[in-house]
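What follows is the residue order along each chain.
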Amino acid sequence: MSSDNGRTSLYTKFYILFQIIGLTLIFYVYHWIVQYRGGFSLTEPKIIFNWHPLLMTIAFIYLFANSILHYRTFQNNTKRKLKNQHALIHGCILILIVVAGFAAFVSHQYAKPPIPHLYSLHSWLGVVTVVMFLSQLFSGFWCFLYPGAAERHREMLAPYHVFFGISIFILAVATAVLGFCEKIIFALDKQYKLLPAEGVLGNILGILCVFYCLLVVYMITKPEFKRRPKLEYETLLK
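- Within an unreviewed UniProt entry, the label attached to the chain reads Cytochrome b561 domain-containing protein, and the organism entered is Macrosiphum euphorbiae.
- Per UniProt, the comment on the chain under Subcellular location (unreviewed entry) is "Membrane".
- The UniProt entry for the chain carries this comment under Cofactor (unreviewed entry): "heme b".

1. Some words on the nonpolar core
So, step 1. Core analysis: the biggest nonpolar cluster contains 47 residues, and F60, F169 and Y212 have the highest contact counts within it.
So, step 2. Apart from residues no more than four positions distant in its own chain, Y212 is found in contact with F18, I21, G22, I61, Y62, A65, N66 and F169.

2. Describing the environment of A158
So, step 1. Mapping A158 onto the fold places it in helix α6 (residues 151-188).
So, step 2. Residue class for A158 comes out partly exposed when judged on its relative accessible area of 29%.
So, step 3. Spatially, the C-alpha atoms of A158 and C143 are 9.0 Å apart, while their sequence positions differ by 15 residues.

3. Here we look at helix α5 (residues 121-145)
So, step 1. The end-to-end C-alpha separation of α5 is 35 Å, in line with the 36 Å expected for 25 residues at 1.5 Å each.
So, step 2. Looking only at α5, the buried set comprises H122, S123, G126, T129, F133, Q136, L137, G140, C143, F144 and L145.

4. Brief notes about the packing of aromatic side chains
So, step 1. Within the structure shown, the criterion is met by 16 aromatic pairs.
So, step 2. Ring centres 5.7 Å apart and planes at 35 degrees place the aromatic pair Y15 and F18 in the tilted group. Of the two residues, Y15 and F18 both sit in helix α1 (residues 2-36), three residues apart, roughly one turn of that helix.
So, step 3. Among the residues examined, F18 registers a relative accessible area of 0% and is labelled buried.

5. What to know about the pattern of salt bridges
So, step 1. Inspection of the entire model under this criterion finds two salt bridges.
So, step 2. A salt bridge links K222 to E224, with the shortest nitrogen-to-oxygen separation between them at 3.6 Å.

6. A look at the UniProt feature "transmembrane region" (unreviewed entry) in the chain
So, step 1. The UniProt feature table records "transmembrane region" (unreviewed entry) at residues 12-33, 53-71, 92-111, 123-145, 157-180 and 200-220.
So, step 2. As annotated, residues 157-180 has a helix share of 100% and a strand share of 0%, and its two end C-alpha atoms lie 34 Å apart.
So, step 3. End-to-end, the C-alpha atoms of residues 200-220 are 30 Å apart, and along that stretch the chain is 100% helix and 0% strand.

7. Examining the packing of helix α3 (residues 51-73) against α6
So, step 1. In the contact formed by α3 and α6, the axes pass within 10 Å of each other and the chain directions differ by 155 degrees. The angle between α3 and α6 falls in the class roughly antiparallel. The two elements α3 and α6 meet at a crossing, and its hand is left-handed. Contacts from P53, T57, F60, I61, F64, A65 and I68 in α3 reach G165, I168, F169, A172, A176 and F180 in α6.

So, how was this worked out
One numbering rule holds for all chains: residues counted from 1, following each sequence as written. Residues qualify for local features only when their pLDDT is at least 70, as the model is predicted, and side-chain atom pairs are given and counted only at 80 or more; totals for whole chains, interfaces and linings, by contrast, use all residues. Computation of side-chain values covers all heavy atoms of the structure but excludes hydrogens and water. UniProt positions are given in the numbering used here, feature names are shortened, and annotations may be inferred rather than shown by experiment. Among buried residues, those of type Ala, Val, Leu, Ile, Met, Phe, Trp, Tyr and Cys that are joined through side-chain atoms within 4.5 Å constitute a nonpolar core. Here's how the labels work: a residue is buried when its accessible area is under 20% of the maximum for its type, exposed when over 50%, partly exposed in between, all with a 1.4 Å probe on protein chains only. A contact between two residues is defined here by any heavy atoms of the two lying within 4.5 Å. Comment: elements are numbered from the N terminus, with helices defined as DSSP H or I runs of at least four residues and strands as E runs of at least two. Helix span is expected to be 1.5 Å times the residue number reduced by one. Between 30 and 60 degrees the pair is tilted, below 30 it is stacked and above 60 it is edge-to-face, where a pair is any two Phe, Tyr or Trp rings, Trp via its six-membered ring, whose centres lie within 6.5 Å. In the sections that follow, a salt bridge refers to a side-chain nitrogen of Lys or Arg positioned within 4 Å of a carboxyl oxygen of Asp or Glu. Interaxial angle, 0 to 180 degrees, is taken between N-to-C directions of lines fitted to C-alpha atoms, where a helix line uses only the stretch in contact. Any angle that falls under 35 degrees is termed roughly parallel, while one over 145 is termed roughly antiparallel, one within 65 to 115 roughly perpendicular, and all others oblique. What makes a crossing left-handed is the near helix being turned counterclockwise from the far one by less than a right angle; a clockwise turn instead makes it right-handed.

Here it is, written out as structure tokens:
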């Protein structure tokens, strides 16, 4: 029992740090946009784009990280409830990335002159990340939530579901870091090498993303933090 309490206490400390860094990252993305990029708009193409980095940070970094840690964080919930909550978080992520993608498309399409679509490495990796996320979402819904799915299919897919979940998160972080760097360089041009305040903030955002990623991967791969099945109710409904 003391071993379980120690494991729970250690996880709680990591989880608090995880939440602080995640919320700090969102705050600084918001601060960067308001302070240096003109804030937000629903009508002006150049500023409409600013919804893209904020919503993608919330969706693909913060919420996605919470979703893949959800089973470890709320271990006392039934497995069915955890599955439903996990799926609900992914549904919120889907809505946010659709809005964020639309914001980027509109801002490029109606800019004067128009900006080409999907030409950068950031955008290519973004497309790959979204496609992988959608594949993960639909395969997970079919295998883990659809009542008719055979148990053998769930057992076979589970390790791949975990692997691709972690892979998508790492890819999302890499894409975000490239996106921050790309936006800062385009905005500051030759001033970037002089390390102005916005350039420093952009670099800090990238470092926060990387540290957050390392923390999440550690928490999700540490065997001691893995959820332990509750035998008294796990067999009722998986």
